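Chain and residue survey
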Amino acid sequence: MHHLLYILLSLFLSPALSSPTEVQLLMQIKASLDPNNQFLTSWQSNSNPCGGSFEGVACNDEGHVANISLQGKGLSGQIPAAVGGLKSLTSLYLHFNALNGPIPKEIAELTQLSDVYLNVNNLSGEIPSQIGNMSNLQVLQLCCNKLSGSIPTHLGYLKKLSVLALENNQLTGAIPASLGDLESLTRLDLSFNGLFGSVPVKLADAPMLQVLDVRNNSLSGNVPPALRRLSDGFRYDDNPHLCGIGFPNLETCKASGLLNLNRPEPFKPNGTLKKEIPESAKLPSNCDQPRCSNSSKPPHYGTIFGVIGVLIVFTITGLLTFTWYRRQKQKIGSVFDTSDGRLSTDQAKEVYRKSGSPLISLEYSNGWDPLAIGQHGNGFSQEFFESFMFNLEEVERVTQCFSEVNLLGKSNFSATYKGILRDGSAVAVKCINKTSCKSDEGNFLKGLKILTSLKHENLVKLRGFCCSKGRGECFLIYNFVPNGNLLQYLDVKEGTERILEWSTRVSIINGIAKGIGYLHGNKGSKPALFHQNISAEKVLIDRRYNPLLSGSGLHKLLADDIVFSTLKASAAMGYLAPEYTTTGRFTEKSDVYAFGMIVLQILSGKSKISVTTRQAVESCKVEHFIDAKLEGKFLESEAAELGKLALLCTHESPDQRPTMATVLQELSGFTIAP
């Protein structure tokens, strides 16, 4: 009886004992990613991963780990198989580190995963074919590693995949035709690899494809004419054996039986590889086929084999020289060979800086000092920035050496502290690591110039900045805005002070519109600038309940991947215009869309706009979409007009949305709070 009870208990308990908890999995991941325990010290086995103590870890509503964001942390280990145990994971950001070793096949067990960013590391080995089973995958970023082997044909099963970036690796083989089956694919980057063969005709069938980059490979043959529809989105330079009609810089294909030296060798009928003279080699032939095939004519063999030998020697020498030249041109691997076997974040960025791809230029010089104006010849005078420049000592004094007491908030790329200047005014100091900033110091300074030029009553004022070479950080000093952000005035309970009166709501809407209109250059006083990341959280409220847009122009300072990562929250809250997902571009109408969403939030008093709310607005049923906490104290005609304006601003087609100049004209007759 006891024996039977033991067996039953074993059956029930063994799965629980053998399945590690998420904390245990995270500790295994920590040990592998950060073997020297330098960067993930906040990950402790006795802490709750969902309690905010695990840096870079976020959980879903069910209390399971859903996001790991550890980009640019200096991690130097390997991605462990344990990552496959986090079954609720939807996003994995490990880019801009120094990770090495292979991509574990267990990553394919994460069936909920939508975003995988492993770019700019030192990963090696082949791309696991099992990734093709990840049905929810939308973005797969693997560029700037040392991945080898061929591109798995199984990637053609990823029906939701919109971005596949494999550039700057050591991939070989042919481009799988199965990638043409990806119905959601908008960008495919295979540049700077060793791919050969033709561009598959089927690839042109991908209906959503906007960008196809195959530069710096060894591709050959006729380019599918249908790819002309991509226009500038099709990039094919440095593939000398490509040909096609209607493509600039491509020669018209010649009718010839000669095949490219780099194509896969053909199979004989019996299944053995044909290891003969390359078919692209032109051999002199003065005899007809019967004579050449006659094995009883030995006198010509010496001459023939001599010619063949010379041709082979020249061919191999030429190939080796060409390969060496190309490797030097696109060399990305040597910077990884550091003496201690560990790649710093700076060295990882050096990979991007040395690359020939214009999309990959994210490195500061080792002596990063963008404000050393005279050293860079970038055209900016010291006098221009002088009135805005703070020294590091002042920044440290203001923040009390970045005391946690003064910490206002942190994001994945910055931290913000409150402080008091010597004149007694309150400021907010945003600290940004140099690895999150634009790589080119000239572009960084242009961005800084834009920020200093923004002056409007509805924009948070920039007081100054400081770039510390020693700390490797840039500090932006803004006026402190005391009443929090607009998000804090949504979803509030009845009876609180944060319930906004009707005239205040209209005034806030009008002020936001003015700020956006200023950025768009409606008055012609400055070049147009798109905010790109407008949200209720970015609208700060001052003592007089005047709205101030924060973050204006900040994308001009930040690296592209950081800008992209900041859009995740906006997309989740519905601020991201639908056309961005297909074009990847921002326009003034993208800002108008986000503005329309904020208007709906202010009218309803809710942060999330439901389908029911939209339907009520469309039907002009004011009582069903207006905030009940107003208790009827609002102008129904204005509420109806603002609802219509919000719907127009959030129209699916950007062409149907008004400009901010038109919006301001529509708002001019509304009741504005004094």
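A brief look at the structure comes next. (Residues numbered from 1 in each chain as written. Predicted model: local features only at pLDDT ≥ 70, side-chain atom pairs only at ≥ 80, totals over all residues. Heavy atoms only, no water.)

In terms of regular secondary structure, the chain is built from 17 helices and 23 strands. Per-residue burial for the chain yields a buried fraction of 48% across its 674 residues. Once local pairs closer than 6 in sequence are excluded, the contacts in the chain between residues at least 24 apart make up 56%. In the form shown here, the chain has an accessible surface area of approximately 32,900 Å², with 53% of it arising from carbon and sulfur atoms. (Helix = DSSP H or I, 4+ residues; strand = E, 2+ residues; numbered from the N terminus. Buried < 20%, exposed > 50% of the residue type's maximum accessible area, 1.4 Å probe, protein only. Contact = heavy atoms within 4.5 Å. Areas by Shrake-Rupley, 256 points an atom, 1.4 Å probe, with all protein chains shown as cover.)

Evaluated as defined, the whole model comprises 2 disulfides. Across the disulfide, Cys50 is cross-linked to Cys59 (sulfur-sulfur distance 2.0 Å). Residues Cys50 and Cys59 are joined by a disulfide whose S-S torsion is about -85°; by sign, that bridge is left-handed. With relative accessibility at 32%, the residue Cys50 sits in the partly exposed group. Residue class for Cys59 comes out partly exposed when judged on its relative accessible area of 26%. Linked covalently through their sulfurs, Cys243 and Cys253 form a disulfide whose S-S length is 1.9 Å. The S-S bond linking Cys243 to Cys253 shows a torsion near 100°; that makes this disulfide right-handed. With Cys243 in strand β16 (residues 241-243) and Cys253 in the loop between β16 and α3 (289-292), this pair connects stretches of sequence that are 10 residues apart. (Disulfide = S-S within 2.5 Å.)

Quick look at unusual backbone geometry now. If you check the backbone angles, Asn37 has positive phi at about 50° while not being a glycine. Its location among the elements puts Asn37 in the loop between α2 (22-33) and β1 (57-59). According to the relative accessible area criterion, Asn37 is partly exposed, its value standing at 40%. One non-glycine residue, Phe192, lies in the positive phi region at around 55°.

The next subject is the side chain of Asn485. Considering the arrangement of structural elements, one finds Asn485 in the loop between β21 (473-479) and α10 (502-519). Of note is the side chain of Asn485, whose polar atom sits 3.0 Å from the backbone nitrogen of Leu487. Among residues more than four places away in sequence, those in contact with Asn485 are Ala536, Glu537, Val539, Leu540 and Ile541. (Polar contact = N/O pair within 3.5 Å; in protein donor to acceptor, adjacent residues only side chain to side chain.)

Under the criterion given, the structure shown has 10 aromatic pairs. Judged by centre distance (6.5 Å) and plane angle (10°), the ring pair of Phe388 and Phe465 falls under stacked. With a gap of 77 residues between them, Phe388 in the loop between α7 (382-386) and α8 (392-398) and Phe465 in strand β20 (residues 462-468) connect regions that are remote in the sequence. With relative accessibility at 14%, the residue Phe388 sits in the buried group. Through a chain of ring-to-ring contacts, three or more aromatic side chains come together here, namely Phe234, Tyr236 and Phe247. Positioned above the aromatic ring of Phe480, the side-chain terminus of Lys418 is 4.4 Å from the ring centre. (Phe/Tyr/Trp six-rings, centres within 6.5 Å; stacked < 30°, edge-to-face > 60°. Lys NZ or Arg CZ within 6 Å of the ring centre and 35° of its normal.)

Counted under the stated rule, the structure contains 13 salt bridges. For Arg397, the salt bridge goes to Glu394, with nearest N and O atoms at 3.5 Å. With Arg397 and Glu394 both in helix α8 and 3 residues apart, the pair spans about one turn of that helix. Residue Arg397 is classed as partly exposed on the basis of its relative accessible area of 35%. Glu641 is the salt-bridge partner of Lys644, the closest N and O atoms lying 3.9 Å from each other. (Salt bridge = Lys/Arg side-chain N within 4 Å of Asp/Glu carboxyl O.)

Moving on: the packing of α10 against helix α13 (residues 588-604). Running from N to C, α10 and α13 cross one another at 170°; their axes reach a closest spacing of 10 Å. Our classification of the angle between α10 and α13 gives roughly antiparallel. Along its contact with α10, which presents Trp502, Arg505, Ile508, Ile509, Ile512, Ala513 and Ile516, the element α13 presents Asp591, Phe595, Ile598, Val599, Ile602 and Leu603. Of the residues that constitute the contact of α10 with α13, the class distribution is 11 nonpolar, no polar and 2 charged. (Axes fitted to C-alpha atoms, helices over the stretch in contact; angles between N-to-C directions. Parallel < 35°, antiparallel > 145°, perpendicular 65-115°, else oblique. Nonpolar A, V, L, I, M, F, W, Y, C, P; charged D, E, K, R; others polar.)

A word on empty space enclosed by the protein. A probe matching the size of a water molecule, rolled over the atoms, marks out where space remains unfilled. Overall, the coordinates contain 6 cavities of 30 Å³ or more when judged by the stated rule. By volume, the largest cavity is sized at about 90 Å³. Residue classes in the lining of the largest cavity are distributed as 7 nonpolar, 3 polar and no charged. (1 Å grid on protein atoms, 1.4 Å probe; cavity = no way out; pocket = protein on both sides within 12 Å on 5 of 7 lines; lining within 4 Å. Points joined across faces, edges and corners; volume = space filled by probe spheres on them.)

So, on to the sheet that holds strand β15 (residues 234-235). Spatial strand order, β1-β2-β3-β5-β7-β9-β11-β13-β15: 9 strands in an open sheet with mixed pairing. For this open sheet the edge positions go to β1 and β15, each flanked by a neighbour on one side alone. Two strands pair when backbone bridges link them, and strand β13 (residues 211-213) and β15 are joined in this way by 2 bridges, in the parallel orientation. Across the sheet, Asp213 pairs through a bridge with Arg235, a residue of β15. (Pairing = 2+ DSSP bridges.)

Where helix α14 (residues 611-618) contacts helix α16 (residues 636-649), the two axes come as close as 9 Å, and the packing angle between them is 120°. Considering the angle they form, α14 stands oblique to α16. Considering how the two elements wind past one another, α14 and α16 form a crossing that is left-handed. In contact with Arg614, Val617 and Glu618 of α14, α16 contributes Gly643, Lys644 and Leu647. When its residues are assigned to classes, the contact of α14 with α16 shows 2 nonpolar, 1 polar and 3 charged. (Left-handed = near helix turned anticlockwise from the far one by under 90°.)

Glancing now at helix α9 (residues 441-453). Here α9 spans 18 Å end to end across 13 residues, near enough to the 18 Å set by a 1.5 Å rise per residue. Listed as buried for α9 are Glu441, Gly442, Phe444, Leu445, Gly447, Leu448, Leu451 and Thr452. (Expected span 1.5 Å × (residues − 1).)

What follows deals with the sheet that holds β21. Ordered in space as β17-β18-β19-β21-β20, the 5 strands form an open sheet in which the pairing is antiparallel. Lying at the two open borders of the sheet, with one neighbouring strand each, are β17 (407-410) and β20. Strand-to-strand, the axes of this sheet are offset by a mean angle of 20°, without reference to chain direction. With 6 bridges connecting them, β20 and β21 associate as antiparallel partners.

Any link to function would need more than the numbers given here.
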